[in-house]
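Secondary and tertiary structure notes
As a plain string of letters, each chain reads:
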Amino acid sequence: MPFDVRRLDIYRKVPKDLTQPTYTGAFISICCCVFMLFLFLSELTGFIATEIVNELYVDDPDKDSGGKIDVSLNISLPNLNCDLVGLDIQDEMGRHEVGHIDNSMKVPLNNGYGCRFEGRFSINKVPGNFHVSTHSATAQPQNPDMTHTIHKLSFGENLQVRDVQGAFNALGGANRLESNPLASHDYILKIVPTVYEDMSGRQRFSYQYTVANKEYVAYSHTGRIIPAIWFRYDLSPITVKYTERRQPLYRFITTICAIIGGTFTVAGIIDSCIFTASEAWKKIQLGKMS
């Protein structure tokens, strides 16, 4: 006798004449389909969208930078003439540059009475400072007014990525216009290397930083010291890495199968319970009538 392959069918079919459609079953089926569609669209949205995963490690991520960090500074001094404003840079590697002018621009404010300084320059990856002062001026003013507003101070590439909230421009908007005009300002920065890797594997290197500041009028044995706006920095050995990721396809398929199977199973249990209870109630009613 030949072997009947149909015996391997684990999905046995019930003859249609043995099934019974009900209004309750139709209602549950419609609700079931709507619910599955909602869950499917939710999962599809999550599958298409990317998530940002962050991690911390100890390393210098941008080894191709030559030991340099690009800096972008935009600061306004409304009560100091542009002829007096200069940028000085120094660090522990022996760099000492007074009146840095490369890639910088001075824009007169208040009819030439004030100045906005914009500059892009690089610093070495060692502790140091850069400061806005009148040290490079030909003649030093008697009472330079160092009140200021910082529009931007950022390091490395400009990272403007949705869902990444970081202190990439922590001093942006800092307003010191009400400060003592003769005071110096110290901003102590802790710079944290930051890497952003997108879905294609392309990496962008930037830096976040924390800041503390103080304001003071300095004196020496020769009298009051000329005020300046100091940015003293040090680098953190910890690197923050943000990575774009997308849910793998196999996980998406597994979830969809779980949604469909689970919804049908639960709906079947509910329909069976309602149908059984309805039949039992009908029998009780028939028993009362007989």
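What you see is a predicted model; the values in this text were computed from it and never measured.

**A few points about the packing of aromatic side chains**
Working definition: an aromatic ring pair is given by the centre-to-centre distance plus the angle between the planes. Summed over all chains, the structure comprises five aromatic pairs. With centroids separated by 6.1 Å and ring planes inclined at 35°, the aromatic side chains of Phe 130 and Tyr 233 adopt a geometry described as tilted. Taken together, the residues Phe 130 in strand E7 (residues 128-133) and Tyr 233 in strand E14 (residues 229-235) connect sequence positions 103 residues apart. Their ring planes at 80° and their centres at 5.4 Å tell us that Phe 155 and Tyr 209 sit as a pair that is edge-to-face. You can see Phe 155 sitting in strand E8 (residues 149-156) and its partner Tyr 209 sitting in strand E11 (residues 203-216), a full 54 residues away along the chain. Of the two residues examined, Phe 155 and Tyr 209, each falls in the buried class. A network of ring pairs unites the aromatic residues Phe 121, Phe 130, Tyr 187, Phe 231 and Tyr 233 as a single cluster. If you follow Lys 214 out to its NZ or CZ, it ends over the ring of Tyr 216, 5.5 Å from the centre.

**Some thoughts on the state of the cysteines**
If you walk through the whole model with that rule in mind, you get one disulfide. Covalent S-S linkage joins Cys 82 and Cys 115, the inter-sulfur distance amounting to 2.2 Å. Here the S-S torsion is close to 100°, and the disulfide linking Cys 82 with Cys 115 is therefore right-handed. Residue Cys 82 is located in the loop between strand E2 (68-77) and strand E3 (86-91), and its partner Cys 115 is located in strand E6 (residues 114-124); the two are separated by 33 residues in the primary sequence. Judged on exposure class, the residue Cys 82 and its partner Cys 115 are both buried. Among the cysteines around Cys 273, which has no disulfide bond, Cys 32 carries the closest sulfur, lying 15 Å off.

**What to know about the UniProt feature "transmembrane region" (unreviewed entry) in the chain**
The residues that UniProt annotates with the feature "transmembrane region" (unreviewed entry) are residues 20-41 and 249-270. Taken end to end, residues 20-41 comprises 86% helix and 0% strand; its first and last C-alpha atoms sit 32 Å apart. Within the segment residues 249-270, helix and strand shares are 100% and 0% respectively, and the terminal C-alpha atoms sit 32 Å apart.

**Quick notes on unusual backbone geometry**
The phi angle at Asn 110 is positive, at roughly 55°, despite the residue not being glycine. Inspection of the secondary structure assignment puts Asn 110 in the loop between strand E5 (104-109) and E6. Residue classification places Asn 110 among the partly exposed residues on the basis of a relative accessible area of 48%.

**Considerations on the environment of Phe 27**
Relative to the helices and strands, Phe 27 resides in helix H1 (residues 23-48). By relative accessible area, Phe 27 is classed as exposed at 55%. For the pair Phe 27 and His 221, spaced 194 residues apart in sequence, the C-alpha separation works out to 92 Å.

**So, a nonpolar patch on the surface**
Together, Leu 37, Phe 40 and Leu 41 make up an exposed nonpolar region whose accessible area comes to about 260 Å². If you trace the backbone, Leu 41 turns up in helix H1. According to the relative accessible area criterion, Leu 41 is partly exposed, its value standing at 44%.

**Digging into the pairing of strand E10 (residues 184-197)**
Along E10, twelve of the 14 residues are buried, which leaves the element largely enclosed by surrounding structure. Sheet analysis places E10 next to E11, joined by 14 bridges and oriented antiparallel. Among the inter-strand pairings, Ile 188 is bridged to a residue of E11, identified as Ala 212. Hairpin connection, E10 to E11: the antiparallel pair is bridged by five residues, and Gly 201 has positive phi, about 95°. Of the strand pairs in this sheet, E10 and strand E15 (residues 238-245) are connected by four bridges, and their pairing is parallel. Residue pairing for E15: Val 195 is matched across the bridge by Lys 241.

**Side note on the nonpolar core**
Phe 130, Leu 153, Phe 155 and Phe 231 are the most contacted members of the largest nonpolar core, which totals 33 residues. Residue contributions to this core peak at five residues, all from E2. Non-local contacts of Phe 231, meaning those with residues more than four positions away in its chain, are made with Leu 73, Gly 128, Asn 129, Phe 130, Ile 150, Leu 153, Leu 171, Tyr 187 and Leu 189. By size, the runner-up hydrophobic cluster in this structure holds eight residues, among which are Ile 28, Cys 32, Phe 47 and Ile 259.

**Some details on the side chain of Asp 88**
Tracing the sequence through the fold places Asp 88 in strand E3. One buried charge, Asp 88, has no salt-bridge partner; the nearest side chain with opposite charge is Lys 106, at 9.3 Å. In this structure the side chain of Asp 88 is engaged in a polar contact, spanning 2.9 Å, whose partner is the backbone nitrogen of Gly 99. Those residues in contact with Asp 88 that sit more than four places away from it in its chain are Glu 97, Val 98, Gly 99, Asn 129, Phe 130, His 131, Ser 133 and His 135.

Rules used throughout
- Counting from 1, residues in each chain are numbered in the order their sequence is written.
- Side-chain atom pairs in this predicted model are given and counted only at pLDDT of 80 or more, local residue features only at pLDDT of at least 70, and totals for whole chains, interfaces and linings cover all residues.
- Hydrogens and water molecules were not included; the side-chain quantities draw on all heavy atoms of the structure.
- Side-chain rings of Phe, Tyr and Trp (the six-membered ring for Trp) are treated as a pair once their centres are within 6.5 Å; stacked means planes under 30 degrees apart, edge-to-face means over 60, and tilted covers the remaining angles.
- We count a stretch as a helix when DSSP gives it H or I for four or more residues in a row; a strand needs E for two or more, and each element gets its number in order from the N terminus.
- Here the term buried applies to any residue with accessible area under 20% of the maximum for its type, exposed to any over 50%, and partly exposed to those in between, with areas from a 1.4 Å probe on protein chains only.
- Whether a charge sits over a ring comes down to the Lys NZ or Arg CZ being within 6 Å of the ring centre and within 35 degrees of the ring normal.
- The disulfide criterion is simple: two cysteine sulfur atoms within 2.5 Å.
- UniProt positions are given in the numbering used here, feature names are shortened, and annotations may be inferred rather than shown by experiment.
- Nonpolar side chains (Val, Leu, Ile, Met, Phe, Trp, Tyr) within 5 Å and like charges within 9 Å form the patches, drawn only from residues with over 30% relative accessible area and no salt bridge.
- Here the accessible surface of atoms and residues is derived via Shrake-Rupley with a 1.4 Å probe, and residues count as covered only by protein chains that are part of the display.
- We count a salt bridge whenever a side-chain nitrogen from Lys or Arg sits within 4 Å of a carboxyl oxygen from Asp or Glu.
- Here a strand pair is declared whenever DSSP counts at least two bridges between the two strands.
- Among buried residues, the Ala, Val, Leu, Ile, Met, Phe, Trp, Tyr and Cys ones that are joined through side-chain atoms within 4.5 Å form a nonpolar core.
- Contacts are residue-level and defined by heavy atoms, with any inter-residue pair within 4.5 Å sufficient.
- For this count, His and the chain ends are skipped, Lys and Arg are scored as positive, and Asp and Glu as negative.
- Pairing of N or O atoms within 3.5 Å defines a polar contact, subject to two protein rules: one partner must be a possible hydrogen donor and the other a possible acceptor, and residues neighboring in sequence count only if both atoms are side-chain atoms.

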